[in-house]
Amino acid sequence: MKEGLTDIFEVDSVAKTLALCVLTIGAYLIYKLYQFSNSINQKTEHNISNVFIVITIFLFTISLGSLIYGLVNQDEPNILRSSIGIHIVSSIFDVTWIIMVRNRINLIAGSNRGDKLWLNPFITSIFHVIYMQHKINQGLATSQYNKQIMAGTHKQRAPHI
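Rules behind the numbers
Residues numbered from 1 in each chain as written. Predicted model: local features only at pLDDT ≥ 70, side-chain atom pairs only at ≥ 80, totals over all residues. Heavy atoms only, no water. Helix = DSSP H or I, 4+ residues; strand = E, 2+ residues; numbered from the N terminus. Buried < 20%, exposed > 50% of the residue type's maximum accessible area, 1.4 Å probe, protein only. Contact = heavy atoms within 4.5 Å. Areas by Shrake-Rupley, 256 points an atom, 1.4 Å probe, with all protein chains shown as cover. Phe/Tyr/Trp six-rings, centres within 6.5 Å; stacked < 30°, edge-to-face > 60°. Core = buried A, V, L, I, M, F, W, Y, C linked by side-chain atoms within 4.5 Å. Patch = residues over 30% accessible without salt bridge, like charges linked within 9 Å, V, L, I, M, F, W, Y side chains within 5 Å. Salt bridge = Lys/Arg side-chain N within 4 Å of Asp/Glu carboxyl O. Expected span 1.5 Å × (residues − 1).

A count of helices and strands for the protein chain gives seven helices and zero strands. Secondary structure elements of the protein chain, listed N to C terminal, follow the sequence α-α-α-α-α-α-α. Looking at the protein chain residue by residue over its 161 residues, the buried ones come to 37%. Relative to all contacts within the protein chain whose residues are 6 or more apart in sequence, the contacts with residues 24 or more apart total 66%. Per element, the accessible surface of the protein chain, about 10100 Å² overall, is 63% carbon and sulfur.

Following this line, the structure appears as structure tokens:
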């Protein structure tokens, strides 16, 4: 059985997602990716490796911790320089995870390039989970509207003459 967006994801505020991503210095991004991945893994056969998820979260935590430590100890510039490698590796894992989730959402939504629900790779690379949540919300709203039409509960508006 093919699962759809409504069977897997929930509506969430895009504004809240944006605010929390900024206020938590990206930690909410990781939480949201985990939430999306967990839903995908539980409700579809398009799994994202739990080992990969754990490694990515670990690398992000170390990277963020070393960044904060380096900023607190600005009088020692070697701290930031010595942590550049972990930041690069962490970033590669983060981007890979974003791509994996994006591709699975596109697959679940049945979206192809140019479709309304298709997650554009360029926009996804800039807005990450904020854009993903926006597209999920669009898909869920469209699905709800279609259900109302099929059930005959949607009020038809009179045509304008």
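Evaluated as defined, the whole model comprises three aromatic pairs. Seen in terms of ring centroids, Y28 and Y31 are 5.5 Å apart; in terms of plane orientation they differ by 40°. Their pairing is tilted. With Y28 and Y31 both in helix α3 (residues 27-43), this residue pair falls three residues apart, about one helical turn.

Residues F9, L33, W97, V101, I105 and M132 are the most contacted members of the largest nonpolar core, which totals 29 residues. Listing elements by their share of this core, those giving two or more residues are α1 (5-8), α3, α4 (50-72), α6 (84-109) and α7 (121-151). Apart from the residues lying within four places of it in its own chain, the contact partners of W97 are I30, L33, Y34, S37, I48, F52, I53, T56 and I57.

Tracing the backbone shows Q133 in helix α7. Setting aside residues up to four positions removed in sequence, Q133 forms contacts with E10, V11, D12, V14, T17, K32 and F36.

This part covers a nonpolar patch on the surface. Taken together, the side chains of F122, I123, I126 and F127 present a nonpolar region at the surface, about 390 Å² in accessible area. Of note, I126 is situated in helix α7.

Helix length check: α3 (17 residues) gives 24 Å between terminal C-alpha atoms against 24 Å at 1.5 Å per residue, within 8%. Among all positions of α3, only Y28, L29, I30, K32, L33, F36, S37, S39, I40 and N41 are buried.

This brings us to the pattern of salt bridges. Here the structure, examined in full by the defined rule, presents two salt bridges. D12 is the partner of K16 in a salt bridge, and the nearest nitrogen-oxygen pair spans 2.9 Å. The salt bridge partner of D12 is K32, with a shortest N-O separation of 2.6 Å. You can see D12 sitting in the loop between α1 and α2 (14-23) and its partner K32 sitting in helix α3, a full 20 residues away along the chain. In terms of burial, D12 and K32 fall into one category: buried. Each of the salt bridges in this network shares a partner with another, and the network as a whole consists of D12, K16 and K32.

If you check the backbone angles, I25 has positive phi at about 55° while not being a glycine. One can find I25 in the loop between α2 and α3. According to the relative accessible area criterion, I25 is exposed, its value standing at 53%. The backbone of H128 sits at a positive phi, close to 45°, despite the residue not being glycine.

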